[in-house]
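This is what each chain is made of:
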Amino acid sequence: MPEIAEGAVDVQAMVARIVHFLRLHLVGKKIASASAIDDANVFGKVGCTGAAVETALRGRKVVSAGSQGKYFWITLDKPPHLVMHFGMTGWIHIRGEKTAYNNYYKKMKDAELAEWPPKFWKFHLATAENPSVEIAYTDARRFGRVRLVDCPGPEIRQHSPLKENGPDPVVDIDRFTEDYLRSRMKTRHVPVKALLLDQATISGIGNWVADETLYHAKLHPEQYSDTFSDAEITKLYESVRYVCQTAVDKLGDSDEFPKHWIFDYRWGKGAKGAADKLPNGERLAFITVGGRTSCYAPAVQKKTGQVVEGAKGDFVEPEPASTPPPPPPPAGGKKKSRKAISDEKVEVQESNEAGAAPLMKNEPTSNKGKKRVSRAKEEDDDSAEDERPPPKKSQRSSTVKEEKVDPKAESSGRRRSSRLQK
């Protein structure tokens, strides 16, 4: 299932929808049969096999179903238990039920919905009751993961991969508190959009939910998390709870989402005729934060603190007047341009030989056969070089070399300049 990239609802809301159907149709029933293919991605990449899933499911009774962010599970009357993740295109089908609610599945015909087992299935099962309930896990792109966790059912969240993830804003209201969010924001120095997407910090927030949350909180997605005021963090916490709870309460049915959300207007980036503003007139813009496309309203979501270096977008805050100048480049860094070297030569020549008549480029000197270069002639050479392409590799060996500075003369405040002949 896409993580909202194709107009579907967010993974957290879709997982909540699936858990709703599993509790309605599967919990409390005994599994009579199970089949699974041996997919090296869906099962193998998490140390599992299709055969192991078959064995774990067959003959067991389903005790409960639950979710945490983008993960969901079914606990059985005997371990191991099944923990699943949809990835990009994973989904749970229940025969005869329209479990899915996104653009792809709404367009399916009744004949396609009746196909069983469904296309791209990885495992499917049937219950012993009459009529039997048939359920299948599908995944076209094979980014989903299905694993077995061997532990008592009530302790499943204390084991990997669930224990490594942060609290769920809907399920864990006792853990996901305003103080929790404030402490995570103040101890991290990352764009706030990236922090919201970090599953180790908050479970379940995907791309569009993060954008929707920041829009309602009126915060810019590129601003660093540790630069917000306490009042702004309070507003963000309230927005996270509001958006996530609303999406879950609607079971991911986007037609039921409030009309003042940006959800219905954020999917047409670059598309001809797509909406570029909200009904209230607020313009929408797109930027990339943390590698993810972000939709925001520049007139509302202004930057109030430090942002990512090189951040693009509107309303860039000016740098404070007290900002110190950048440090000088380290030794051995970028080479000086020919023009800069030329100017330095002229400066040294004028300071050391004030009053002396300038010599032409190839005029000999009495000091060890070295040649001085006049300022007018050197500037003419530089301007000509700017107008012509750089010499080829075979020509570079014959060009004039950079000056060498006598360290003794430099330490006494005087410098000698020289330009070597070909």
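Rules and cut-offs
Residues numbered from 1 in each chain as written. Predicted model: local features only at pLDDT ≥ 70, side-chain atom pairs only at ≥ 80, totals over all residues. Heavy atoms only, no water. UniProt positions renumbered as here; feature names shortened; annotations may be inferred. Core = buried A, V, L, I, M, F, W, Y, C linked by side-chain atoms within 4.5 Å. Buried < 20%, exposed > 50% of the residue type's maximum accessible area, 1.4 Å probe, protein only. Helix = DSSP H or I, 4+ residues; strand = E, 2+ residues; numbered from the N terminus. Axes fitted to C-alpha atoms, helices over the stretch in contact; angles between N-to-C directions. Parallel < 35°, antiparallel > 145°, perpendicular 65-115°, else oblique. Left-handed = near helix turned anticlockwise from the far one by under 90°. Contact = heavy atoms within 4.5 Å. Nonpolar A, V, L, I, M, F, W, Y, C, P; charged D, E, K, R; others polar. Expected span 1.5 Å × (residues − 1). Pairing = 2+ DSSP bridges.

The chain is annotated in an unreviewed UniProt entry as Formamidopyrimidine-DNA glycosylase of Moelleriella libera RCEF 2490. In the Sequence similarities (unreviewed entry) part of its UniProt record, the chain is described as follows: "Belongs to the FPG family." Heading Catalytic activity (unreviewed entry) of the UniProt record for the chain holds this comment: "Hydrolysis of DNA containing ring-opened 7-methylguanine residues, releasing 2,6-diamino-4-hydroxy-5-(N-methyl)formamidopyrimidine."

Counting residues in each nonpolar core, the largest one holds 34 residues, and the members touching the most others are L57, I74 and F123. Per-element accounting of this core gives the leading share, 7 residues, to helix 1 (residues 11–25). Core analysis: the next-biggest nonpolar cluster, separate from the first, contains 32 residues, A16, L195, A210 and I233 among them.

Turning next to the packing of helix 7 (residues 207–217) against helix 8 (residues 230–249). Where helix 7 contacts helix 8, the axes come no closer than 8 Å and their chain directions differ by 130°. In terms of orientation, helix 7 and helix 8 fall into the oblique class. In the packing of helix 7 onto helix 8, the handedness of the crossing is right-handed. Touching W208, V209, E212, T213, L214, H216 and A217 of helix 7 are K235, L236, S239, V240, Y242, V243 and C244, all from helix 8. When the residues that make up the contact of helix 7 with helix 8 are grouped by side-chain class, the tally is 9 nonpolar, 3 polar and 2 charged.

Our next topic: unusual backbone geometry. Of note, the bond from N130 into P131 is cis; its omega dihedral lies within 30 degrees of zero at 5°. Residue position: P131 is located in the loop between strand 6 (121–127) and strand 7 (134–139). Each neighbour pair has its own omega, and for S160 with P161 the value is 5°, a cis peptide bond. Relative to the elements of secondary structure, P161 occurs in the loop between strand 8 (145–149) and helix 5 (178–186). Of note, F120 is a non-glycine position whose phi angle comes to about 65°, a positive value. Take F120: it is sitting in the loop between helix 4 (110–114) and strand 6. Positioned with a positive phi, K218 is a non-glycine residue whose angle comes to about 60°. Tracing the backbone shows K218 in the loop between helix 7 and helix 8. Owing to a relative accessible area of 54%, K218 belongs among the exposed residues under this scheme.

A few words now on the packing of helix 5 against helix 8. Remark: helix 5 packs on helix 8, axes separated minimally by 10 Å, with the N-to-C direction vectors making an angle of 120°. Here helix 5 lies oblique to helix 8, going by the angle between them. The handedness of the crossing between helix 5 and helix 8 comes out as right-handed. Residues E178, L181, R182, M185 and K186 of helix 5 pack against D230, I233, T234, L236 and Y237 of helix 8.

For helix 8, which comprises 20 residues, the first-to-last C-alpha distance of 28 Å matches the rise-based estimate of 28 Å (1.5 Å per residue) to within 8%. Along helix 8, the positions that sit buried rather than exposed are E232, I233, L236, Y237, S239, V240, V243, C244, T246, A247 and V248. Structurally, helix 8 contributes buried residues whose contacts are with helix 1, helix 5, helix 6 (192–197) and helix 7. Once helix 8 finishes, L251 follows within two positions and takes phi at roughly 55°, a positive value.

What follows deals with the pairing of strand 7. When you tally the buried positions in strand 7, you get 5 out of 6 residues, the bulk of the element. As paired elements, strand 5 (residues 90–94) and strand 7 share 5 bridges and run antiparallel to each other. Note on strand 7: the bridge partner recorded for W91 is T138. Bridge count between strand 6 and strand 7: 5 bridges; the pairing is antiparallel. Paired with F123 across the two strands is Y137, which belongs to strand 7. Hairpin remark: strand 6 followed by strand 7, antiparallel, with 6 residues in the connecting loop.

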